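Observations on the model geometry
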Amino acid sequence: MNKTSHHLVIDLSASHGLTSTSQEFQNISIDYLSVKLEDLLVKPGKSVLSQLNKLSDHLGWHNKVVLDARFSKVDKEGMCVIKSRFDGSRIKVSMDDVIALILSLKPNIILLQGNQINQEMLKQLSQLAASLFVTHKGGQSMSPCNSHQFYETNDRPTLEFGDFWMPSDIMSQSCDGLVYSNAGLIDIKESSYEHAFEPLSDHCECPTCQQGFTKSYLHHLFHHTPLLSFRYLVQHNVFNILG
Ligand SMILES: [Zn+2]
């Protein structure tokens, strides 16, 4: 794998993001963790967040952090409204509080929604050594893969989003037991792999295959300890997609 040509981002807010530890992500060359501020405001919540010195410390992450500070809903008073996915309660936060939080969390990259911010806010955020990306209305998709929806608001070095965002399908495929092999995408759940004592792919140098794990073993893990198998499968899949 050419580690210098790819920057890989894992979206911690995606449903499967938290099943691997930060260390494991770093072992498979994940360069960035991405988190949604909306999710952080629900858990651990604003009072905890405002006491943090740095978001990366809270995440136990030593590489870079992308903070997605775009909100699904902003009401007429300009308050960001977040609905908790745990209990359905609503949390309201002013944009001034959001800017103060971002300043204290010190992410490396900040994603913002153009119609939710103004020049004054951008000026405040420019104190940070962070790259700002602004999504403009009209680019309705919130997907960061569409780099044309962004422009850089300062002259700091940045990355091309289309090149490094972790495709969410790798996460969901791994969770479903779908694995990249010499024969294309295979389904490790299938009973035909119960006695397949060969590696997922020949000559694969990913951390999973380097440990000598066979299709048979991963088939067994998938059916008995699915979370553990997911970690190994995502490591292999990410490595092979980038290879
Ligand atoms: Zn492998």
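Residues numbered from 1 in each chain as written. Predicted model: local features only at pLDDT ≥ 70, side-chain atom pairs only at ≥ 80, totals over all residues.

Once that is clear, we can look at the overall build of the protein chain. The secondary structure content of the protein chain amounts to 10 helices and 10 strands. Once local pairs closer than 6 in sequence are excluded, the contacts in the protein chain between residues at least 24 apart make up 56%. (Helix = DSSP H or I, 4+ residues; strand = E, 2+ residues; numbered from the N terminus. Contact = placed C-beta atoms within 7 Å.)

Take the nonpolar core next. One finds Val65, Leu67, Ala69, Ile102, Ile110 and Leu112 to be the most contacted residues of the largest nonpolar core, which totals 27 residues. Elements with a contribution of two residues or more to this core: strand S2 (32-36), helix H2 (37-49), strand S3 (64-68), strand S4 (79-83), helix H4 (95-105), strand S6 (109-113) and strand S7 (131-135). Not counting chain neighbours up to four residues away, the residues in contact with Ile110 comprise Leu67, Ala69, Ile102, Leu125, Ala130 and Leu132. (Core = buried A, V, L, I, M, F, W, Y, C linked by C-beta atoms within 7 Å. Buried ≥ 20, exposed ≤ 12 C-beta atoms within 10 Å, placed from the backbone.)

What follows is about H4. Turning to H4, its buried residues are Val98, Leu101, Ile102 and Leu105. Buried residues of H4, seen end-on, are gathered within an arc of 100° and therefore sit on one face of the element. Backbone geometry just after H4 places Lys106 at a positive phi near 50°. (Arc of directions from axis to C-beta.)

Here we come to unusual backbone geometry. Residues other than glycine predominantly adopt negative phi, and peptide bonds predominantly adopt the trans conformation. Of the consecutive residues Lys43 and Pro44, the connecting peptide bond is found in the cis state with omega at 15°. The residue Pro44 is located in helix H2 in this model. You will see that Lys106, though not glycine, has its phi angle at about 50°, which is positive. Within the fold, Lys106 resides in the loop between H4 and S6. Look at Lys106 and you get partly exposed, because 18 C-beta atoms sit within 10 Å. Its identity is not glycine, yet His203 carries a phi of approximately 60°, on the positive side. If you trace the backbone, His203 turns up in the loop between strand S10 (184-187) and helix H8 (207-210).

The residue Val134 is located in strand S7 in this model. Using a count of 19 C-beta atoms within 10 Å as the deciding quantity, one classes Val134 as partly exposed. Residues Val134 and Leu111 lie 23 residues apart in sequence; the distance between their C-alpha atoms is 5.9 Å.

On to the confidence of the model for the protein chain. Per-residue pLDDT for the protein chain averages 77, and the proportion of residues at 70 or more is 72%. The model gives residues 15-19 a pLDDT under 50, and that stretch makes nine contacts with residues more than four places away or in other chains. Overall, residues 138-165 carries pLDDT values under 50, and its contacts beyond four positions in sequence, including any with other chains, amount to 39 contacts. (pLDDT = per-residue confidence, 0-100.)

Moving on, we get to the pairing of strand S9 (residues 178-181). Where S9 and S10 come together, four bridges link them in antiparallel fashion. If you follow Ser181 over to S10, its bridge partner there is Gly184. Linking two consecutive strands that pair antiparallel, namely S9 and S10, is a turn of two residues. (Pairing = 2+ DSSP bridges.)

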